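Each chain, written out:
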Amino acid sequence: MMGPALAFAHGKAFGTEIYSQYGIGWPLLASALSHFSALTYGNLIGMEVIYGCVYYVALFFLLWNCFKQALWAGFAVVLAIYWQLFSGMSSGEVIWQYPSSTMMRHPMDVWFFLALVLHQRSGKMFWAVLAGFAAALGLFLETETGVYLLVTFLVYSILQAGLAADERRTFGPKGWLLPPLAFYSAVAVTLLPLLLYASRGVLFTRAFWYGWVEALVDRKSTRLNSSH
């Protein structure tokens, strides 16, 4: 995160001039915050911890919405924090030194699924749009896990289309088409301006798109080779 953040702060562009292994959003945010406080590793870890607190509070509300029991939701959050933040480390290590091993690797999934649950229950288009907003930020912050959110909504839409007409909380006989349209429109409207800013105006070039997905393709290739 530190290298790409410093590069962007010094006028370089993501995609064409900056290689960022996991995504664009976190380095760009760190670079923006450097205008208010020093860009140090301590401050980066502080940013992670603050967002981690927000994330696990949101996880509590998601689980509370699903379980309908605050006690079970709280218990599940404690387990999630224990397993993700306090397990699998050597003595003296702090998990925040490795952001990709924390919820920073999938920062928007909790918001995405909360919006998805609320959409499934109410059928209101607002929640599909909010899910698209969350997915776009997820893709911007961490490319790989953001792609998973886009695919998840596609599968969700297919399952919704398979419901009987009287089970759908949508409008009209083709109402199941509206949520995906609202979702992916929200993704595009949210994501494109962010990428335009991060690319410093060269968004619509082959070089940018190749540079943006390079890390994703390289990680997939590495996993495939290691499996052989």
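Structure report, in brief. (Residues numbered from 1 in each chain as written. Predicted model: local features only at pLDDT ≥ 70, side-chain atom pairs only at ≥ 80, totals over all residues. Heavy atoms only, no water.)

**Remarks on empty space enclosed by the protein**
If you walk through the whole model with that rule in mind, you get two cavities of 30 Å³ or more. Its volume calculated, the largest cavity comes out at about 100 Å³. What lines the largest cavity is a set of 15 residues, among which Ser20, Gly23, Ile24, Gly211 and Trp212 lie closest to the centre. Counting residues per element, the lining of the largest cavity draws most heavily on helix 9 (residues 206–227), which supplies five residues. Partitioning the lining of the largest cavity into residue classes produces eight nonpolar, six polar and one charged. One number sums up the size of the second largest cavity: a volume of about 40 Å³. Taken together, His106, Pro107, Met108, Asp109, Gly138, Thr145, Gly146 and Leu149 make up the full set of residues lining the second largest cavity. If you tally residues by element for the lining of the second largest cavity, the top one is helix 7 (residues 143–161), at three residues. Looking at the lining of the second largest cavity, its residues break down into three nonpolar, four polar and one charged. (1 Å grid on protein atoms, 1.4 Å probe; cavity = no way out; pocket = protein on both sides within 12 Å on 5 of 7 lines; lining within 4 Å. Points joined across faces, edges and corners; volume = space filled by probe spheres on them. Helix = DSSP H or I, 4+ residues; strand = E, 2+ residues; numbered from the N terminus. Nonpolar A, V, L, I, M, F, W, Y, C, P; charged D, E, K, R; others polar.)

**Brief notes about the nonpolar core**
Core analysis: the biggest nonpolar cluster contains 53 residues, and Ile24, Phe112, Phe183 and Leu195 have the highest contact counts within it. Top contributing element to this core by residue count: helix 3 (residues 41–67), with nine residues. (Core = buried A, V, L, I, M, F, W, Y, C linked by side-chain atoms within 4.5 Å. Buried < 20%, exposed > 50% of the residue type's maximum accessible area, 1.4 Å probe, protein only.)

**A few points about the packing of helix 7 against helix 8 (residues 178–198)**
Where helix 7 meets helix 8, the axes come as close as 10 Å, and the angle between the chain directions of the two elements is 170°. The pairing of helix 7 with helix 8 is recorded here as roughly antiparallel in orientation. As helix 7 packs across helix 8, the resulting crossing turns out to be left-handed. For the pair formed by helix 7 and helix 8, the contact residues are Leu149, Leu150, Phe153, Leu154 and Ser157 on the first element and Pro179, Pro180, Phe183, Tyr184 and Val187 on the second. (Axes fitted to C-alpha atoms, helices over the stretch in contact; angles between N-to-C directions. Parallel < 35°, antiparallel > 145°, perpendicular 65-115°, else oblique. Left-handed = near helix turned anticlockwise from the far one by under 90°. Contact = heavy atoms within 4.5 Å.)

**A short note on the side chain of Thr143**
If you trace the backbone, Thr143 turns up in helix 7. On the basis of relative accessibility, which here comes to 6%, the residue Thr143 falls in the buried class. Thr143 has contacts with Tyr22, Gly23, Gly138, Trp212 and Leu216, leaving out every residue within four places of it along the chain.

**Things to note about the pattern of salt bridges**
A side chain of one charge can pair with a side chain of the opposite charge when the charged atoms of the two come close. Enumeration over the complete set of coordinates arrives at two salt bridges. Across the pair Arg105 and Glu142 runs a salt bridge, and its minimum N-O distance is 3.0 Å. Here Glu142 lies in the loop between helix 6 (125–141) and helix 7 and Arg105 lies in the loop between helix 4 (70–85) and helix 5 (109–122), a separation of 37 residues in the sequence. Note on Glu142: relative accessible area 1%, which makes it buried. The salt bridge partner of Arg105 is Glu144, with a shortest N-O separation of 2.9 Å. (Salt bridge = Lys/Arg side-chain N within 4 Å of Asp/Glu carboxyl O.)

**With respect to a nonpolar patch on the surface**
A cluster of nonpolar side chains, namely Leu29, Leu33 and Phe36, defines an oily patch on the protein surface of about 310 Å² accessible area. Structurally, Leu33 can be placed in helix 2 (residues 25–33). Given the relative accessible area of 36%, Leu33 is considered partly exposed. (Patch = residues over 30% accessible without salt bridge, like charges linked within 9 Å, V, L, I, M, F, W, Y side chains within 5 Å. Areas by Shrake-Rupley, 256 points an atom, 1.4 Å probe, with all protein chains shown as cover.)

**A short note on the layout of surface pockets**
The space that makes up the largest pocket amounts to roughly 420 Å³. As for the largest pocket, its lining consists of 22 residues, of which Met1, Met2, Tyr22, Pro99 and Ser100 are closest to the centre. Those elements that place two or more of their residues in the lining of the largest pocket are helix 1 (2–9), helix 2 and helix 3. By residue class, the composition of the lining of the largest pocket is 14 nonpolar, five polar and three charged. Lining the second largest pocket are Gly25, Leu28, Leu29, Met108, Leu137, Phe140, Leu141, Leu194 and Tyr197. Residue assignment for the lining of the second largest pocket shows that the elements contributing at least two residues are helix 2, helix 6 and helix 8. Along the lines of polarity and charge, the residues of the lining of the second largest pocket split into eight nonpolar, one polar and no charged.

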